[in-house]
Amino acid sequence: VRDVATGRCRGWRGDGGSHRRWKEEAREILAEIQAPLSLLVLRLCHWALLKLLNRLFLSVQLHRGQLETVLRAARTSGVPLVFLSRHKSRLDGLLLSFLLFSQGLGVPRVTVGGRDCSPRLRALLGRLGGIFLPSRTGQRPSNRDDGLSEAVLAVYVEEVLRSRQPLLIFLEEPPVALRLSAAAREWLALVYRAVRDGAVPDVLLVPVGIAYDTIP
């Protein structure tokens, strides 16, 4: 990521110290996008989630036929999975992450809207696989940034897809329903770009979702 971010700024010239500052800024942007996964925190949160589900719902039902379809898709050789889901409840990310992880599909990287996240919640979600758009993405590049946020984000998505980590993109932001969010458009554009530029030969788009009798 650092090499690509520096390469995007070839038109800028400076001394070695200035280049080191660019690389340090790229590291900061990457840290804003993701945090290292913690399997211990993941298991603790899944244990707490099961306790919470028992209090909130009478039952949680999993459609075995639909699950088998997802598992067959996961066995497709060499093709990364991109799960697309509506976003009806704040619990959706945790529930889908838990279900995919419990079925042996790995820990998905889950797109999270950062507007309503406190720093502590953002840090916790990052440890659980949450990923965020950097704060400067989509803004007009300044002399300081020069498009570096977009470059780092694009390379990050390419690496996620190359390593075949499952990627879960929420198409909406609650409470607004039935409308593609700006963040979802950004993530989908990054996936399209990765395929278009040949970073991965193809991706498999898998629709998933959770239905509630009563949305919590």
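Residues numbered from 1 in each chain as written. Predicted model: local features only at pLDDT ≥ 70, side-chain atom pairs only at ≥ 80, totals over all residues. Heavy atoms only, no water.

You'll find the chain entered in an unreviewed UniProt entry as GPAT2 acyltransferase, with Podilymbus podiceps given as the organism.

Engineer: Account for helix H3 (residues 39-56), with residues named and values stated.
Structural biologist: With 18 residues, H3 extends 25 Å between its outermost C-alpha atoms, agreeing within 8% with the 26 Å of an ideal straight helix rising 1.5 Å per residue. Leu 42, His 46, Leu 49 and Leu 53 are the residues of H3 that are buried. Buried positions in H3, seen along its axis, are confined to an arc of 60° and lie on one side of it. Facing away from the buried side of H3 by more than 90 degrees, the exposed set consists of Leu 40, Leu 44, Trp 47, Asn 54 and Arg 55. Where H3 is buried, its residues touch helix H5 (92-102). (Helix = DSSP H or I, 4+ residues; strand = E, 2+ residues; numbered from the N terminus. Expected span 1.5 Å × (residues − 1). Buried < 20%, exposed > 50% of the residue type's maximum accessible area, 1.4 Å probe, protein only. Arc of directions from axis to C-beta. Contact = heavy atoms within 4.5 Å.)

Engineer: Mind laying out the sheet that holds strand S3 (residues 130-131), listing which residues take part and the relevant values?
Structural biologist: In spatial order, the strands read S3-S2-S4-S1-S5; together these five strands make up an open sheet with parallel pairing. A strand with exactly one partner marks an edge of an open sheet, and here the two such strands are S3 and strand S5 (204-208). Sitting on the sheet, H5 touches strand S1 (81-85), strand S2 (109-111), strand S4 (167-170) and S5, and the angle it makes with S4 is about 155°. Sitting on the sheet, helix H8 (residues 182-196) is in contact with S1, S2, S3 and S4, with an inclination near 145° to S4. (Pairing = 2+ DSSP bridges. Axes fitted to C-alpha atoms, helices over the stretch in contact; angles between N-to-C directions.)

Engineer: Summarise unusual backbone geometry; cite the residues concerned and give the values.
Structural biologist: Despite not being glycine, Arg 164 shows a phi value in the positive range, around 60°. Among the residues examined, Arg 164 registers a relative accessible area of 36% and is labelled partly exposed.

Engineer: Before we move on, can you summarise the layout of surface pockets with the specific residues and values?
Structural biologist: Counted as a void, the largest pocket has a volume near 970 Å³. Lining of the largest pocket is provided by 30 residues; of these, Val 60, Gln 61, Leu 62, Ile 210 and Ala 211 occupy positions nearest its centre. Among the secondary structure elements, those contributing two or more residues to the lining of the largest pocket are H3, helix H4 (64-74), H5 and S5. At five residues, the largest contribution of residues to the lining of the largest pocket is made by H5. For the lining of the largest pocket, the residue count by class is 21 nonpolar, eight polar and one charged. (1 Å grid on protein atoms, 1.4 Å probe; cavity = no way out; pocket = protein on both sides within 12 Å on 5 of 7 lines; lining within 4 Å. Points joined across faces, edges and corners; volume = space filled by probe spheres on them. Nonpolar A, V, L, I, M, F, W, Y, C, P; charged D, E, K, R; others polar.)

Engineer: Quick one: what's the story with empty space enclosed by the protein, residue by residue and with numbers?
Structural biologist: Which parts of space are left empty comes out when a probe the size of a water molecule is rolled across the atoms. For the structure shown, the criterion picks out one cavity of 30 Å³ or more. In this model, the largest cavity occupies a volume close to 40 Å³. Along the walls of the largest cavity sit Thr 111, Val 112, Gly 113, Phe 170, Glu 173, Ala 183, Ala 184 and Trp 187, which together make up its complete lining. When residues of the lining of the largest cavity are assigned to their parent elements, the largest contribution, three residues, is made by H8. Across the lining of the largest cavity, the residue classes tally to five nonpolar, two polar and one charged.

Engineer: Any chance you could break down the packing of aromatic side chains for me, citing the residues and the numbers?
Structural biologist: According to the stated counting rule, one finds zero aromatic pairs in the structure shown. Its guanidinium or amino end placed over the ring of Phe 132, Arg 122 lies 4.0 Å from that ring's centre, counting from NZ or CZ. (Phe/Tyr/Trp six-rings, centres within 6.5 Å; stacked < 30°, edge-to-face > 60°. Lys NZ or Arg CZ within 6 Å of the ring centre and 35° of its normal.)

Engineer: Please provide a residue-by-residue account of the pairing of S4, values included.
Structural biologist: By the alternation rule, side chains of S4 split into Leu 167 and Ile 169 and Leu 168 and Phe 170, which are all buried. Here S1 runs beside S4; their pairing, made up of four bridges, is parallel. Paired with Phe 83 across the bridge in S4 is Leu 168.

Engineer: Tell me about the pattern of salt bridges, and name the residues and values.
Structural biologist: Considering all chains together, one arrives at seven salt bridges under this definition. Across the pair Glu 68 and Arg 75 runs a salt bridge whose closest N-O atoms are separated by 3.2 Å. Here Glu 68 falls in the partly exposed class, since its relative accessible area comes to 33%. Note on Arg 75: relative accessible area 56%, which makes it exposed. Of the charged contacts in the structure, one is a salt bridge between Arg 162 and Glu 158, with a shortest N-O distance of 3.7 Å. Of this pair, Arg 162 and Glu 158 are both found in helix H7 (residues 148-162), four residues apart, which corresponds to roughly one turn of the helix. Take Glu 158: its relative accessible area is 14%, and that puts it in the buried class. Each of Glu 158, Glu 159 and Arg 162 takes part in salt bridges that share partners, so that together they form one network. (Salt bridge = Lys/Arg side-chain N within 4 Å of Asp/Glu carboxyl O.)

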